[in-house]
Amino acid sequence: MKKDIEIPQVQHVTLAVAKEGLPGLEEWKVYLINNNEFPIDNTLVASLGYGEKEGEKQKTSILRHFLETVPAKGHAMIEPIDPAVFHLNNEYWVSYYIGTQIYDKRFVFVPDTICDANLIFIKELEMEGVLHS
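Here goes a summary of the coordinates provided.

What counts as what
Residues numbered from 1 in each chain as written. Predicted model: local features only at pLDDT ≥ 70, side-chain atom pairs only at ≥ 80, totals over all residues. Heavy atoms only, no water. Helix = DSSP H or I, 4+ residues; strand = E, 2+ residues; numbered from the N terminus. Contact = heavy atoms within 4.5 Å. Areas by Shrake-Rupley, 256 points an atom, 1.4 Å probe, with all protein chains shown as cover. Lys, Arg positive; Asp, Glu negative; His and termini not counted. Charge placed at Lys NZ, Arg CZ, Asp CG, Glu CD. Buried < 20%, exposed > 50% of the residue type's maximum accessible area, 1.4 Å probe, protein only. Pairing = 2+ DSSP bridges. Core = buried A, V, L, I, M, F, W, Y, C linked by side-chain atoms within 4.5 Å. Polar contact = N/O pair within 3.5 Å; in protein donor to acceptor, adjacent residues only side chain to side chain. Axes fitted to C-alpha atoms, helices over the stretch in contact; angles between N-to-C directions. Phe/Tyr/Trp six-rings, centres within 6.5 Å; stacked < 30°, edge-to-face > 60°.

## Considering the overall build of the protein chain
Right, on to step 1. Secondary structure assignment for the protein chain yields 0 helices and 10 strands.
Right, on to step 2. In the protein chain, the succession of α and β elements from N to C terminus is β-β-β-β-β-β-β-β-β-β.
Right, on to step 3. A principal-axis box enclosing the C-alpha atoms of the protein chain has dimensions of 55 × 35 × 20 Å.
Right, on to step 4. Long-range pairs, those at least 24 residues apart, make up 58% of the contacts in the protein chain between residues at least 6 apart in sequence.
Right, on to step 5. Accessible area of the protein chain: about 8,500 Å², with a carbon and sulfur share of 52%.
Right, on to step 6. The average position of the 12 basic charges and that of the 20 acidic charges among the side chains of the protein chain differ by 7 Å.

This is how it looks when you write it as structure tokens:
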């Protein structure tokens, strides 16, 4: 009899794109937020932008990032992000370990959702940004 494989669900981990700096000198950065009561280890993040502009397909390079440990109830910066790619789907494939178990989740910020109109205060970062739902 075939045994069903249970895939663990990612819980209490999300992404945010935060706006930092003085007016006119702002930088946008992508953060991983760990709201678990325990750290997550050996986190790999692959980021990619893709979509269309004026009927022409566009795609960014795939960037890969390694975060050794994201502390319990903590966060880590993944990468800065250029506003010139906000019109694309901005995808982040996150894989991490809790003990010996690996967890994966794909987060996508759809086109034009990273913008001033969608900024909220993100208490975990103590700054304004766009929180992935």
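## With respect to the pairing of strand β2 (residues 27-34)
Right, on to step 1. Along β2, 7 of the 8 residues are buried, which leaves the element largely enclosed by surrounding structure.
Right, on to step 2. Note that strand β1 (residues 13-20) and β2 share 8 bridges and pair antiparallel. If you follow alanine 16 over to β2, its bridge partner there is tyrosine 31.
Right, on to step 3. The hairpin turn running from β1 into β2, its antiparallel successor, is 6 residues long, and glycine 21 in that turn takes a positive phi close to 105 degrees.

## Describing the nonpolar core
Right, on to step 1. One finds Leu15, Leu32, Ile81 and Tyr92 to be the most contacted residues of the largest nonpolar core, which totals 26 residues.
Right, on to step 2. Of all the secondary structure elements, the ones that give two or more residues to this core are β1, β2, β3 (40-53), β5 (63-70), β6 (74-81), β7 (89-98) and β8 (101-109).
Right, on to step 3. Non-local contacts of isoleucine 81, meaning those with residues more than four positions away in its chain, are made with Val17, Trp28, Lys29, Val30, Phe86, Asn90, Tyr92 and Ile114.

## Examining the side chain of serine 95
Right, on to step 1. Following the sequence through the fold, serine 95 ends up in strand β7.
Right, on to step 2. Once residues within four sequence positions are removed from consideration, serine 95 is found in contact with Asn42, Thr43, Leu44, Ile102, Tyr103 and Asp104.

## Some points on the side chain of histidine 132
Right, on to step 1. Note on placement: histidine 132 falls in the segment after β10 (127-131).
Right, on to step 2. A distance of 3.1 Å separates a polar side-chain atom of histidine 132 from the backbone oxygen of valine 108.
Right, on to step 3. Beyond its immediate sequence surroundings of up to four residues, histidine 132 is in contact with Thr14, Leu15, Phe107, Val108 and Phe109.

## Focus: the sheet that holds β1
Right, on to step 1. Taken together, 5 strands build an open sheet; the order of strands is β6-β2-β1-β10-β9 and the sheet is antiparallel. This sheet does not close on itself; its edge strands, each paired only once, are β6 and β9 (120-122). With strand direction ignored, the average angle separating the axes of adjacent strands in the sheet is 45 degrees.

## Quick look at the packing of aromatic side chains
The description of two aromatic rings rests on the distance between their centres and on the angle between their planes.
Right, on to step 1. One pass over the structure, following the stated rule, counts 3 aromatic pairs.
Right, on to step 2. The interplanar angle of 80 degrees and the centroid separation of 5.2 Å between the aromatic rings of tryptophan 28 and phenylalanine 86 together place this pair among those described as edge-to-face. Of the two residues, tryptophan 28 sits in strand β2 while phenylalanine 86 sits in the loop between β6 and β7, which places them 58 residues apart along the sequence.
Right, on to step 3. When its relative accessible area of 9% is taken as the criterion, tryptophan 28 is described as buried.
Right, on to step 4. Under the relative-accessibility criterion, phenylalanine 86 is labelled buried at 8%.

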